[in-house]
Amino acid sequence: MRGARAVAEEIVVFGRNARFAALALINGAPGVVVAPRGRLLLAVTFTIKGTQIAGYELVGDRTRLQRLELAILD
């Protein structure tokens, strides 16, 4: 997915889970985790170029989620 509009439209789909989202370090880089009722549902990792988010990846596969090193940011 490329472009600000395409990304924004895609994120709207996941908006219903936004209340369960938290900023996190994912494998040492900034990201977002979504964990309704404390159960990790998905992680969002970002590709940063300069000062902008150039891309992102949604990780929802349970096997891949288990391999992520996560730290929730306050």
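Structure shown above.
**A few points about the pattern of salt bridges**
Across all of its chains, the model carries one salt bridge by this definition. In this structure, R64 and E57 form a salt bridge, with 2.9 Å as the shortest nitrogen-oxygen distance.

**Observations concerning unusual backbone geometry**
Residue N27 is not a glycine yet carries a positive backbone phi of 55 degrees. Relative to the assigned elements, N27 resides in the loop between β1 (21-26) and β2 (29-34). Look at N27 and you get partly exposed, because its relative accessible area is 49%. Although it is not a glycine, R37 adopts a positive phi angle of roughly 55 degrees. As for its position among the elements, R37 is in the loop between β2 and β3 (42-49).

Conventions we followed
Residues numbered from 1 in each chain as written. Predicted model: local features only at pLDDT ≥ 70, side-chain atom pairs only at ≥ 80, totals over all residues. Heavy atoms only, no water. Salt bridge = Lys/Arg side-chain N within 4 Å of Asp/Glu carboxyl O. Helix = DSSP H or I, 4+ residues; strand = E, 2+ residues; numbered from the N terminus. Buried < 20%, exposed > 50% of the residue type's maximum accessible area, 1.4 Å probe, protein only.

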